[in-house]
Amino acid sequence: MKRAIPNVVSIAGVDPSGGAGVLADIKTFSALGAYGCGVIAALTAQNTQAVTGVHTPPVDFLRLQIDTLFQDVKIHAVKLGMLGTADIVATVADRLAHFDAPFVVCDPVMVAKSGDHLLAKSAVAMLIEALLPRCFMITPNLPEAGVLLEQRPPETVKEMYRAAERLREMLPLSSERWVLLKGGHLPGSEVVDLLFDGDRMIELPSPRLDTKNTHGTGCTLSSAIAALLPQHAGGLRPVEAAVRDARSYLLRAIASADLLAVGQGHGPVHHFHAVWPRQSA
């Protein structure tokens, strides 16, 4: 039998420059063998240098997008990105619970690469209370972990261990749930991420690549994991395998980022590095 192609949906914002948000997620799903769907939770006026405006849809229309999609298309995994407001977070959490959505991967987007805030402070409590219980995996970076835990961000790998443990305590303890704590904000020539399920703490090191074109790395990693989780299901250590493969994909996308010439700020990673003919930088 031919392997089924999973249907994966991104519920997130739109970055018109294509480096982050739903557009980047769809590229990632496609590059990794999944069929991409998208629900628009926010519109941004954004380029590689700044976010100049945000517009969110009425929550009734957001609910209609989700309901209309899930009633027709069997969704095998969900990636959550920019949700923006408490009402949007609550609506998404409600609909994911209603449809019992599988493999929900939440990238708790709070601040853009440019430094612009993308999640209202009032939405953080709703994220913790209503949405995290629906998530199979959360993928915060260190500043986002600090916000979720109401503490300063971890400043060492040792502090990351304790933060990952506390983040896992925020997820349901009665079922399999995972935390991927990303260590890219720590200094050094090596980046260490931590993958933790409440039992095993897995260190995932990788070299730090020298490029300014890292816009959308968080979106790309979490969407890669969402695309790969259904494809690794039933295999040996499926979650660890999906995360390792997703990180490898992202590293190659970053390494090829300078082949693109998109904008004058932090450009995007190269989502189709393995598909497009390679050209000289």
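To keep things clear, this report deals only with the structure shown in the data block. Note that the coordinates shown come from a computational prediction; the quantities given were computed from them, not determined experimentally.

Remarks on helix H1 (residues 21–31)
Because each turn of an α-helix spans 3.6 residues, side chains separated by three or four positions in sequence point in the same direction.
Working step 1: Within H1, the full set of buried residues consists of Gly21, Val22, Ala24, Asp25, Thr28 and Phe29. Buried residues in H1, looked at end-on, bunch into an arc of 160 degrees, giving them a common side.
Working step 2: The secondary structure elements touched by the buried residues of H1 are strand S1 (7–14), strand S2 (35–46), strand S4 (77–80), helix H7 (217–232) and helix H8 (238–255).
Working step 3: Immediately downstream of H1, the backbone of glycine 33 shows phi near 85 degrees, a positive value.

Examining unusual backbone geometry
Working step 1: Located in the positive-phi region is glutamate 150, a residue other than glycine, with phi close to 55 degrees.
Working step 2: Within the secondary structure, glutamate 150 is located in the loop between helix H5 (142–149) and helix H6 (157–169).
Working step 3: With a phi angle near 45 degrees, arginine 237 is a residue other than glycine that sits in the positive phi range.
Working step 4: Residue position: arginine 237 is located in the loop between H7 and H8.

A few points about the side chain of threonine 211
Working step 1: Positionally, threonine 211 belongs in the loop between strand S9 (201–207) and H7.
Working step 2: We classify threonine 211 as buried; its relative accessible area is 17%.
Working step 3: In terms of polar contacts, threonine 211 uses its side chain to reach the side chain of aspartate 258, at 2.7 Å.
Working step 4: Once residues within four sequence positions are removed from consideration, threonine 211 is found in contact with Ile254 and Asp258.

A few points about the packing of aromatic side chains
Working step 1: Counting across every chain of the model gives 3 aromatic pairs.
Working step 2: Geometrically, the ring pair formed by phenylalanine 103 and phenylalanine 136 is edge-to-face, given 5.2 Å between the ring centres and 85 degrees between the ring planes. In this pair, phenylalanine 103 sits in the loop between helix H3 (86–99) and strand S5 (104–106) while phenylalanine 136 sits in the loop between helix H4 (121–131) and strand S6 (137–138), placing the two residues 33 residues apart along the sequence.

Some remarks on the packing of H7 against H8
Working step 1: Here H7 crosses H8 at 140 degrees, and the two axes come no closer than 8 Å. Here H7 lies oblique to H8, going by the angle between them. Regarding H7 and H8, the two cross each other, and that crossing is right-handed. Each of Thr217, Thr220, Leu221, Ala224, Ile225, Leu228, Leu229 and His232 in H7 lies in contact with H8, whose residues at this interface are Pro238, Val239, Ala241, Ala242, Val243, Asp245, Ala246, Arg247, Tyr249, Leu250 and Ile254.

Focus on the pairing of S2
Working step 1: Of the pairings in the sheet, the one linking S1 to S2 comprises 8 bridges and is parallel in character. The residue bridging valine 8 from the neighbouring strand is glycine 36, located in S2.
Working step 2: Where the polypeptide runs from S1 across H1 and back to S2, its parallel neighbour, the crossover connection is right-handed.
Working step 3: Two elements, S2 and strand S3 (residues 51–55), share 4 bridges in a ladder whose sense is antiparallel. Looking across to S3, one finds that alanine 45 is bridged to glycine 53.
Working step 4: In this antiparallel pair of consecutive strands, S2 and S3, the connection spans 4 residues.

Observations regarding the sheet that holds S4
Working step 1: Reading across from one edge, S3-S2-S1-S4-S5-S6-S7-S8-S9 is the order of the 9 strands in this open sheet, with mixed pairing throughout. Strand pairing shows two members of the sheet lacking a second neighbour, S3 and S9, which therefore form its edges.
Working step 2: Bridging between strand S7 (residues 178–181) and strand S8 (residues 190–196) involves 3 bridges; their strand directions are antiparallel. In the strand pairing of S8, valine 179 is matched with phenylalanine 196.
Working step 3: Set on the sheet, H8 makes contact with S6, S7, S8 and S9; between it and S9 the angle comes to about 15 degrees.

Let's talk about the state of the cysteines
Working step 1: Taken as a whole and judged by the stated rule, the model has 0 disulfides.
Working step 2: Lacking any disulfide linkage, cysteine 106 is separated from the closest cysteine sulfur, that of cysteine 135, by 4.3 Å.
Working step 3: By relative accessible area, cysteine 106 is classed as buried at 2%.

Rules of the game
Residues numbered from 1 in each chain as written. Predicted model: local features only at pLDDT ≥ 70, side-chain atom pairs only at ≥ 80, totals over all residues. Heavy atoms only, no water. Buried < 20%, exposed > 50% of the residue type's maximum accessible area, 1.4 Å probe, protein only. Helix = DSSP H or I, 4+ residues; strand = E, 2+ residues; numbered from the N terminus. Arc of directions from axis to C-beta. Contact = heavy atoms within 4.5 Å. Polar contact = N/O pair within 3.5 Å; in protein donor to acceptor, adjacent residues only side chain to side chain. Phe/Tyr/Trp six-rings, centres within 6.5 Å; stacked < 30°, edge-to-face > 60°. Axes fitted to C-alpha atoms, helices over the stretch in contact; angles between N-to-C directions. Parallel < 35°, antiparallel > 145°, perpendicular 65-115°, else oblique. Left-handed = near helix turned anticlockwise from the far one by under 90°. Pairing = 2+ DSSP bridges. Right-handed = clockwise from strand over helix to strand, strands pointing away. Disulfide = S-S within 2.5 Å.

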